[in-house]
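Chain by chain, the residues:
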Amino acid sequence: MIPCRPRGPRSRWATRLLAAASLGLVVAAFPAAPPASAQDGGDVVETAWGPLTAADRDLLIRVKYAGLWEIPAGEMAVEKGVDERVREVGAFIRDEHIELDLATDEVAAQLGVDLPDEPYADNQLALDRMAAAEGGAFDLEFVQRLREAHGSIYSLIAYVRAGTQNDLVRDFADTGEEFVGRHMEYLESTGPVDWVHIPPPPGPAGAPSR
């Protein structure tokens with residue numbers, strides 16, 4: 001069965017933002033430590049929602065970078081995709097990354113993290129390759145590049161979610177995991193994923209003990 005596009009995460013994220021905004025009103029009356037910034041020299045900065053680490057900031061920045069190239073990549077798939085499913089997946093990824101991008105901006109503003117405003121150099125090269133590809137070659141390029149990228153950011157989200165003590169980052173990671181996990185399903189549903197270039201799962205942790 002071809003997966004459809006669930007709409008659950010949007011309402012869940014809206015609820016979280018409302019709760020965060022309510023907390024922000026309380027914090028405004030009783031100021032805590034200064035908000036964190038991506039340019040802070042220190043590793044951990046105290047915020048009203050808990051300590052903000054370099055890994056927390058890095059997650060927000062990397063998810064923003066993802067949106068900066070995957071939104072136009074999705075738009076290209078809508079316009080250039082040969083396979084109907086590729087065009088459909090492109091629209092899903094474009095629209096849902098716009099939602100995730102807004103959530104990233106919201107959380108970063110609350111935590112004082114500066115975000116990029118143009119694609120990372122390697123991601124721009126991927127966009128350039130897609131723009132140059134035609135026909136079935138475009139479909140393969142789109143699916144493979146985005147599936148590889150989503151697998152990479154999915155691992156980072158899990159890493160930060162497992163260890164962050166910041167309430168806003170924890171909720172953001174939950175939302176990001178929902179979006180990114182669903183996008184991997186979308187891309188895999190198109191068929192042409194070259195698994196040779198997808199990193200395999202890590203081996204079992206630890207070793208047998210005596």
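This part is about the overall build of the chain. Along the backbone of the chain there are 6 helices and 2 strands. Of the regular secondary structure in the chain, the N- to C-terminal order runs α-β-β-α-α-α-α-α. When the accessible surface of the chain is summed, it comes to about 11100 Å², and 58% of that surface belongs to carbon and sulfur atoms.

Counted under the stated rule, the structure contains 3 aromatic pairs. With a centroid separation of 5.0 Å and 50° between ring planes, the pair formed by phenylalanine 92 and tyrosine 186 is classed as tilted. Taken together, the residues phenylalanine 92 in helix α3 (residues 84-111) and tyrosine 186 in helix α6 (residues 167-188) connect sequence positions 94 residues apart. With a relative accessible area of 0%, tyrosine 186 lands in the buried category. The interplanar angle of 15° and the centroid separation of 6.1 Å between the aromatic rings of phenylalanine 138 and phenylalanine 142 together place this pair among those described as stacked. Of this pair, phenylalanine 138 and phenylalanine 142 both sit in helix α5 (residues 135-163), 4 residues apart, roughly one helical turn. Phenylalanine 142 carries the same exposure label as phenylalanine 138, and that label is buried. The ring of phenylalanine 179 carries arginine 182 above its face, with NZ or CZ at 5.2 Å from the centroid.

For the coordinates displayed, the defined rule picks out 14 salt bridges. With a shortest N-O distance of 3.0 Å, aspartate 101 and lysine 64 are connected by a salt bridge. Of this pair, aspartate 101 sits in helix α3 while lysine 64 sits in helix α2 (residues 54-80); the two residues are 37 residues apart in sequence, bridging distant segments of the chain. By the burial criterion, aspartate 101 is buried, and lysine 64 matches it. Arginine 145 is the salt-bridge partner of glutamate 148, the closest N and O atoms lying 3.9 Å from each other. Residue glutamate 148 and its partner arginine 145 are both found in helix α5; the two are separated by 3 residues, about one turn of the helix. Counted as one network, the salt bridges with shared partners bring together Arg129, Glu141, Arg145 and Glu148.

Looking now at the pairing of strand β1 (residues 44-47). Of the two faces of β1, only one is covered, namely that formed by Val45 and Thr47; the face formed by Val44 and Glu46 stays uncovered. By the bridge criterion, 4 bridges tie β1 to strand β2 (residues 50-53) in an arrangement that is antiparallel. Each residue of the ladder has a partner; that of valine 44, found in β2, is threonine 53. Between β1 and β2, which pair antiparallel in sequence order, lie 2 residues.

Nonpolar side chains in soluble globular proteins tend to be buried together. One finds Leu59, Leu111, Val113 and Phe172 to be the most contacted residues of the largest nonpolar core, which totals 21 residues. Elements with a contribution of two residues or more to this core: α2, α3, α5 and α6. Broken down by element, the residue count for this core peaks at 6 residues, all from α6.

As a further point, take the packing of α2 against helix α4 (residues 121-132). In contact at an axis separation of 10 Å, α2 and α4 are set at 5° when each is read in the N-to-C sense. Between α2 and α4, the angle is such that the two are roughly parallel. Residues Tyr65, Trp69, Pro72, Ala73, Met76 and Lys80 of α2 form the contact with α4, whose participating residues are Asn123, Ala126, Leu127, Met130, Ala131 and Ala132. Of the residues in the contact of α2 with α4, the class split is 10 nonpolar, 1 polar and 1 charged.

With that settled, the discussion passes to the confidence of the model for the chain. Considering every residue of the chain, the mean pLDDT works out to 81; 74% of them sit at 70 or more. Note on residues 6-41: pLDDT is under 50 here. Beyond four places in sequence and across chains, it has 53 contacts.

The residue asparagine 123 is located in helix α4 in this model. Take asparagine 123: its relative accessible area is 17%, and that puts it in the buried class. Other than its neighbours up to four places away in sequence, asparagine 123 contacts Tyr65 and Trp69.

So, how was this worked out
- Residues numbered from 1 in each chain as written.
- Predicted model: local features only at pLDDT ≥ 70, side-chain atom pairs only at ≥ 80, totals over all residues.
- Heavy atoms only, no water.
- Helix = DSSP H or I, 4+ residues; strand = E, 2+ residues; numbered from the N terminus.
- Areas by Shrake-Rupley, 256 points an atom, 1.4 Å probe, with all protein chains shown as cover.
- Phe/Tyr/Trp six-rings, centres within 6.5 Å; stacked < 30°, edge-to-face > 60°.
- Buried < 20%, exposed > 50% of the residue type's maximum accessible area, 1.4 Å probe, protein only.
- Lys NZ or Arg CZ within 6 Å of the ring centre and 35° of its normal.
- Salt bridge = Lys/Arg side-chain N within 4 Å of Asp/Glu carboxyl O.
- Pairing = 2+ DSSP bridges.
- Core = buried A, V, L, I, M, F, W, Y, C linked by side-chain atoms within 4.5 Å.
- Axes fitted to C-alpha atoms, helices over the stretch in contact; angles between N-to-C directions.
- Parallel < 35°, antiparallel > 145°, perpendicular 65-115°, else oblique.
- Contact = heavy atoms within 4.5 Å.
- Nonpolar A, V, L, I, M, F, W, Y, C, P; charged D, E, K, R; others polar.
- pLDDT = per-residue confidence, 0-100.

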